[in-house]
Amino acid sequence: NEVGMSFYTINKVAGSFLETVENAGYNGILYGSKNYLERIWQPKVEYDVWLAQYYNQPTYKDDFWIWQMSDSGRVDGIYGNVDLDVMYIN
């Protein structure tokens, strides 16, 4: 992988970070691509998910709170591309 850490170590670091965020009174959220969320990230059962999947509709099977559908959106007044996200709220 590109960070030079084992997937076990990546999961431990992510878990520690998310726990620190939660202990500080904030809501931690697990962000990743469909591939990472399905095959690598392990703490997902404890945290909400922010899915990055650039398709017309998501194909991720588990629950997710936010869907990042594109990284090439355009917004008047902002130079360059922006992420486009959908947040699902009850």
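Everything quoted here is computed from the prediction, not taken from an experiment.

A. The side chain of Gln53, seen in detail. Mapped onto the elements of the fold, Gln53 is located in the loop between β2 (48-52) and β3 (66-73). Reaching out from Gln53, the side chain makes a polar contact with the side chain of Thr59 at a distance of 2.6 Å. Sequence-distant contacts of Gln53, that is, excluding residues within four places in its chain, are made with Lys34, Pro58, Thr59, Tyr60, Trp67, Gln68 and Met69.

B. Main features of the nonpolar core. Ile10, Ala14, Leu18, Leu30, Leu37, Trp41, Tyr47, Val49, Leu51, Tyr60, Phe64 and Trp67 together form the largest nonpolar core, which totals 12 residues. When contributions to this core are tallied by element, the ones reaching two or more residues are α1 (7-23) and β2. The greatest single-element share of this core, amounting to three residues, is contributed by α1. Residues contacting Leu51, with those up to four places away along its chain left out, are Gly32, Ser33, Lys34, Leu37, Pro58, Tyr60, Phe64, Ile66, Trp67 and Gln68.

So, how was this worked out
Residues numbered from 1 in each chain as written. Predicted model: local features only at pLDDT ≥ 70, side-chain atom pairs only at ≥ 80, totals over all residues. Heavy atoms only, no water. Helix = DSSP H or I, 4+ residues; strand = E, 2+ residues; numbered from the N terminus. Polar contact = N/O pair within 3.5 Å; in protein donor to acceptor, adjacent residues only side chain to side chain. Contact = heavy atoms within 4.5 Å. Core = buried A, V, L, I, M, F, W, Y, C linked by side-chain atoms within 4.5 Å. Buried < 20%, exposed > 50% of the residue type's maximum accessible area, 1.4 Å probe, protein only.

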